[in-house]
Amino acid sequence: MKAYRYAVKLMYDQASLGEVTDYAELQQYFESYDNDCYIGLEKDPGWSEAILQEKPTLFALGYDMIEKLYTGRVLTKQPIIVKVGELNREAVRALWASLNLELLYFTNDDDERYSIQAHVTLLRNLTVQSADPPLGYPVYASPLIRVVTY
């Protein structure tokens, strides 16, 4: 079974990356399959184990019963740099100042005023909720949480 899976993966790699030119390159492919790849079915327990072991490449074949097609899935682990967001410090202070003025001096007691008027660029409802109490909500910070999905 392992030889068949390696043959299918090698055929896939040759179709997408180019043909193997010599035995040294073929040996390198097989060594990378042994060390860095999981080749099998997604429903096998080995798939979950490979994810937990953080294997760099996962390769699975499947069959689509509806369209009557064989399918292949290749997952490659790679770093992704994501910038979540950054707010201008003065914009946040301005929102908090207007919140102070409205709640403390004008005595507006409508709690839903900013959740209805959400501003996407300023993240208004999150910014207002992050103000110090009694205007905003108490801040809770947790340690880094890692969620593993199977």
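Residues numbered from 1 in each chain as written. Predicted model: local features only at pLDDT ≥ 70, side-chain atom pairs only at ≥ 80, totals over all residues. Heavy atoms only, no water.

(A) Geometry of the sheet that holds strand β2 (residues 57–64). Pairing is mixed across the open sheet formed by three strands, whose spatial order is β1-β2-β3. Strand pairing shows two members of the sheet lacking a second neighbour, β1 (37–40) and β3 (69–76), which therefore form its edges. On average, each strand axis in the sheet is tilted by 15° relative to the strand beside it, whichever way the strands run. Where β1 lies against β2, four bridges are found, and the strand directions are parallel. Residue I39 lies in a different strand from β2, and its bridge partner there is F59. Along the sheet, helix α2 (residues 23–36) contacts β1 and β2; its crossing angle with β1, the most-contacted strand, is approximately 90°. (Pairing = 2+ DSSP bridges. Helix = DSSP H or I, 4+ residues; strand = E, 2+ residues; numbered from the N terminus. Axes fitted to C-alpha atoms, helices over the stretch in contact; angles between N-to-C directions. Contact = heavy atoms within 4.5 Å.)

(B) Local environment of the side chain of K55. Inspection of the secondary structure assignment puts K55 in the loop between α3 (45–52) and β2. Buried and unpaired, K55 has D36 as its nearest opposite-charge partner, separated by 6.6 Å. Polar contacts involving the side chain of K55 include one to the main-chain carbonyl oxygen of N35, which spans 3.4 Å. What K55 contacts, discounting residues up to four positions off in sequence, is D34, N35, D36, C37, A50 and K77. (Buried < 20%, exposed > 50% of the residue type's maximum accessible area, 1.4 Å probe, protein only. Lys, Arg positive; Asp, Glu negative; His and termini not counted. Salt bridge = Lys/Arg side-chain N within 4 Å of Asp/Glu carboxyl O. Polar contact = N/O pair within 3.5 Å; in protein donor to acceptor, adjacent residues only side chain to side chain.)

(C) Here's a closer look at the packing of helix α1 (residues 2–17) against α2. Axis separation between α1 and α2 bottoms out at 11 Å; the angle between their running directions is 120°. On the basis of their axis angle, the class for α1 and α2 is oblique. The chirality of how α1 crosses α2 is right-handed. Residues K2, Y6, K9, L10, D13 and L17 of α1 form the contact with α2, whose own contacting residues are L26, Y29, F30, Y33 and D34. Partitioned by chemical class, the residues of the contact of α1 with α2 number seven nonpolar, no polar and four charged. (Parallel < 35°, antiparallel > 145°, perpendicular 65-115°, else oblique. Left-handed = near helix turned anticlockwise from the far one by under 90°. Nonpolar A, V, L, I, M, F, W, Y, C, P; charged D, E, K, R; others polar.)

The values reported here are purely geometric and, on their own, carry no functional implication.
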